[in-house]
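Chain by chain, the residues:
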Amino acid sequence: MTKKKILSLLIIIAVLVSFPIYSNLSGIPKNWTLKEFQHQELNWQNCYGNFECSTLLVPVDYDKITNDVFHLKVIRFKATNQRQKLGALIVNPGGPGASAFDYAYNAENIVSAAIREKYDIVGFDQRGVGRSDPIRCLTDKETDEMLAGPMIADTPENQRKMVENAKFFANKCKKVAGNKLTHLSTLESAKDMEILRLALDEPKLNYLGKSYGTYLGTLYASLYPLKVEKMILDGAIDPSISIQEQNLTQAKGFELALNQFLAKNNIDKAVILELFKKLRVEPLSTKLDRKLNDSLAILGVASALYDDKTGWPKLALALNQMLTGDGTLLLELSDEYSGRSKTSKYFSNENDIAPIISCLDWSFGTGVFKNDLSLKKFTIFAPIFGPYLFNSETICKQLFPNLNAKEIKTYSALTSAIMIIGTKRDPATPFRWSDALSKRLTNSILVTFDSDGHTGQGRGNKCVDGAVNGYLLGRQGSLTNTTCAVDGN
């Protein structure tokens, strides 16, 4: 939501290999109008065994179409039963800036065999993301320095450094992206998804969006309400709130998850507060190539809280190790979150593109270190996470000093019911956002997952996954609000 958002809605993709680029058309189209973009054909080529790859062309600026285009990389896993295929299911893991190309490449792991039998699974990297003309502002070394920089604006020196870092990042991005910088919003990606739907020759859109990917789906439904067939929004974002409100709500969400973790492991929260206090003054040594300071530590803790099954045990080990004076395990969790390899390389451009997208998508404060929600309020509601999320829109003021996001209205009168999944104690996308979106989209189905961790579908819960399967495959009884217990009932 903001600067990756510090604690943005990252889905960590298992596939970390290099993919070749497939070209749809040679050269750049000359004098295309919107009609030509809407009627292009995808030139599919076999790739990676059971997959096909292609390139979709979209205009940089929909309001003033020129010869400038984005080349969006698209991948699909074809339905195993083509004779009874129901259509294409476009998937997106969130981010902002996570690769939907990689996500679709994991088709066998993200949806059930029954869904893969009846749907082509399609993923595309959004404009500026991954393989789609990626915007990479910083070098790996500069990214290291940025992530380790101060995140709490409680002293004049920290404020000065935060503004300095934000200016440096913004200037680098402006130089790299040029005129494309202001055309990387999720609203424009929603328009791109309509171009993709047409290129796929689908009468209506079927879509599975997770985390920040739910915002892409919400905007698409707002722009094209009559073109929605089936849409699942898992770990939804409330489209009506500002960055400041998002920051506070998300700080509370991570704090709640942390409190649950600490209670389960019988850890005194005062110990954690003291650890972070010390890290700000004296970073811990590690067995890696860097020390662990508080900025990196908060990323490591957040990373673990996304998954209560695998992340929580790792966090318990990391905190116990920290008490012995070794920050290695928590730094490894931080690197996992930011996509840093053991060779000091960053796998993707998500750290660069996420703040750009977020700042374009949401309204932000009018002055650096001055907003309606005070640092004291953030700290009261979320003693650990609050200070790190306060004023994280600072970078937006440097990227776009004279810009505020366009207000988008969401339609309640959709021709098809949308399924919204909310996990009760989700740290990254709190349940209240899913609940709020379900009220805005009155013709919607709310699946409530009474669990910890981030998002609900695909985590092995029979109730949640059964609701998704029933909804996509048209089974009776799948169009009602449902509450799913953690044991799958």
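The structure reproduced in this document is the subject of the present report.

Rules behind the numbers
Residues numbered from 1 in each chain as written. Predicted model: local features only at pLDDT ≥ 70, side-chain atom pairs only at ≥ 80, totals over all residues. Heavy atoms only, no water. Pairing = 2+ DSSP bridges. Helix = DSSP H or I, 4+ residues; strand = E, 2+ residues; numbered from the N terminus. Axes fitted to C-alpha atoms, helices over the stretch in contact; angles between N-to-C directions. Contact = heavy atoms within 4.5 Å. Core = buried A, V, L, I, M, F, W, Y, C linked by side-chain atoms within 4.5 Å. Buried < 20%, exposed > 50% of the residue type's maximum accessible area, 1.4 Å probe, protein only. Right-handed = clockwise from strand over helix to strand, strands pointing away. Disulfide = S-S within 2.5 Å. 1 Å grid on protein atoms, 1.4 Å probe; cavity = no way out; pocket = protein on both sides within 12 Å on 5 of 7 lines; lining within 4 Å. Points joined across faces, edges and corners; volume = space filled by probe spheres on them. Nonpolar A, V, L, I, M, F, W, Y, C, P; charged D, E, K, R; others polar. Phe/Tyr/Trp six-rings, centres within 6.5 Å; stacked < 30°, edge-to-face > 60°. Lys NZ or Arg CZ within 6 Å of the ring centre and 35° of its normal. Polar contact = N/O pair within 3.5 Å; in protein donor to acceptor, adjacent residues only side chain to side chain. Expected span 1.5 Å × (residues − 1).

Section: the sheet that holds strand β2 (residues 51–59)
Then, number 1: Taking strand neighbours across the sheet as the criterion, the ten strands line up as β1-β2-β3-β5-β4-β6-β7-β8-β9-β10 in an open arrangement whose pairing is mixed. Where the open sheet ends on each side, the last strands, each with one partner, are β1 (45–47) and β10 (482–484). Neighbour-to-neighbour, the strand axes of the sheet open up by a mean angle of 25°, direction not taken into account.
Then, number 2: When β2 meets strand β3 (residues 69–77), the two strands line up antiparallel, connected through nine bridges. Across the sheet, the residue bridging to Val-58 is Phe-70, located in β3.
Then, number 3: Those strands touched by helix α18 (residues 431–440) are β7 (228–234), β8 (418–425) and β9 (444–452), and its axis lies near 155° from that of β8.
Then, number 4: Helix α19 (residues 462–473) rests against β4 (87–92), β5 (119–124), β7, β8, β9 and β10 of the sheet, and its axis sits at about 165° to β7.

Some details on the nonpolar core
Then, number 1: Formed by 68 residues in total, the largest nonpolar core has its most connected members in Leu-56, Ile-90, Leu-196, Met-231 and Ile-356.
Then, number 2: No other element matches the six residues that helix α7 (residues 186–199) contributes to this core.
Then, number 3: For Leu-196, the contacting residues outside a window of four places in its chain are Leu-42, Leu-56, Val-74, Ile-90, Val-122 and Phe-124.

Section: the pairing of β7
Consecutive residues of a regular strand have side chains that alternate between opposite faces of the sheet.
Then, number 1: Burial analysis of β7 places six of its seven residues in the buried class, which makes it a mostly covered element.
Then, number 2: Crossover handedness for the path strand β6 (residues 205–210) to helix α8 (residues 213–223) to β7: right-handed.
Then, number 3: Pairing of β7 with β8 involves four bridges; the strand directions are parallel. Within β8, the residue paired with Asp-234 across the bridge is Ile-421.

Here we look at the state of the cysteines
Then, number 1: The final tally for this structure, using the stated rule, is four disulfides.
Then, number 2: The partner cysteine of Cys-463 in its disulfide is Cys-484, sulfur to sulfur 2.0 Å. Residues Cys-463 and Cys-484 are joined by a disulfide whose S-S torsion is about -65°; by sign, that bridge is left-handed. Of this pair, Cys-463 sits in helix α19 while Cys-484 is found in strand β10, placing the two residues 21 residues apart along the sequence.

So, empty space enclosed by the protein
Then, number 1: One pass over the full model with this rule turns up two cavities of 30 Å³ or more.
Then, number 2: As a volume, the second largest cavity reaches approximately 40 Å³.
Then, number 3: Residue lining of the second largest cavity: Asn-92, Gly-94, Pro-96, Gly-97, Gln-126, Thr-186, Tyr-212, Gly-213 and Leu-216, and that is the complete set.
Then, number 4: In the lining of the second largest cavity, the residues fall into three nonpolar, six polar and no charged.

Let's talk about the packing of aromatic side chains
Then, number 1: Counted according to the given criterion, the structure contains 13 aromatic pairs.
Then, number 2: Put simply, the rings of Tyr-48, Phe-51, Phe-77 and Tyr-105 pair up and form one aromatic cluster.
Then, number 3: Taking the ring centre of Phe-70 as reference, the NZ or CZ of Lys-180 above it sits at 4.6 Å.
Then, number 4: Over the ring of Phe-381 we find Lys-252; its NZ or CZ atom is 4.2 Å from the centre of that ring.

Things to note about the environment of Asn-206
Then, number 1: Relative to the assigned elements, Asn-206 resides in strand β6.
Then, number 2: Residue class for Asn-206 comes out buried when judged on its relative accessible area of 4%.
Then, number 3: When sequence neighbours within four positions are dropped, the list of residues in contact with Asn-206 reads Gly-87, Ala-88, Leu-89, Ile-90, Tyr-119, Glu-229 and Lys-230.
Then, number 4: Polar side-chain contacts of Asn-206 include one of 3.3 Å to the backbone nitrogen of Lys-230.

A closer look at the side chain of Asp-192
Then, number 1: Residue position: Asp-192 is located in helix α7.
Then, number 2: A distance of 2.6 Å separates polar atoms of two side chains, one belonging to Asp-192 and the other to Tyr-62.
Then, number 3: Contacts of Asp-192, omitting those with residues within four sequence positions, involve Leu-56, Val-58, Tyr-62, Leu-72 and Arg-127.

With respect to unusual backbone geometry
Then, number 1: A cis amide bond links Gly-95 with the next residue in sequence, Pro-96, at an omega value of 0°.
Then, number 2: Mapped onto the fold, Pro-96 is located in the loop between β4 and α2 (100–105).
Then, number 3: At Asp-201, a position not held by glycine, the phi torsion is positive, near 60°.
Then, number 4: Counting through the fold element by element, Asp-201 comes out in the loop between α7 and β6.
Then, number 5: Even without being a glycine, Ser-211 presents a positive backbone phi close to 55°.
Then, number 6: Among the secondary structure elements, Ser-211 is positioned in the loop between β6 and α8.
Then, number 7: Exposure remark for Ser-211: the relative accessible area of 0% places this residue in the buried category.

Thoughts on the environment of Trp-362
Then, number 1: In this structure, Trp-362 sits in the loop between α14 (350–361) and α15 (375–381).
Then, number 2: Once the C-alpha coordinates of Trp-362 and Ile-243 are considered, the two residues, 119 residues apart in sequence, prove to be 6.0 Å apart.
Then, number 3: Of the polar contacts made by the side chain of Trp-362, one reaches the side chain of Tyr-212; its length is 3.0 Å.

A look at helix α11 (residues 294–305)
Then, number 1: With twelve residues, α11 extends 16 Å from end C-alpha to end C-alpha; this agrees with the ideal 16 Å at 1.5 Å per step.
Then, number 2: Burial analysis of α11 places twelve of its twelve residues in the buried class, which makes it a mostly covered element.
Then, number 3: Regarding α11, the residues found buried are Asp-294, Ser-295, Leu-296, Ala-297, Ile-298, Leu-299, Gly-300, Val-301, Ala-302, Ser-303, Ala-304 and Leu-305.
Then, number 4: Check the buried side of α11 and you find it contacts α5 (140–147), α9 (243–264), α10 (269–281), α12 (311–322), α13 (328–338) and α16 (386–389).
Then, number 5: Of the residues that open α11, the one with a side-chain oxygen 3.2 Å from the backbone nitrogen of Ser-295 is Asn-293.

Read these as layout, nothing more, since geometry by itself doesn't imply function.
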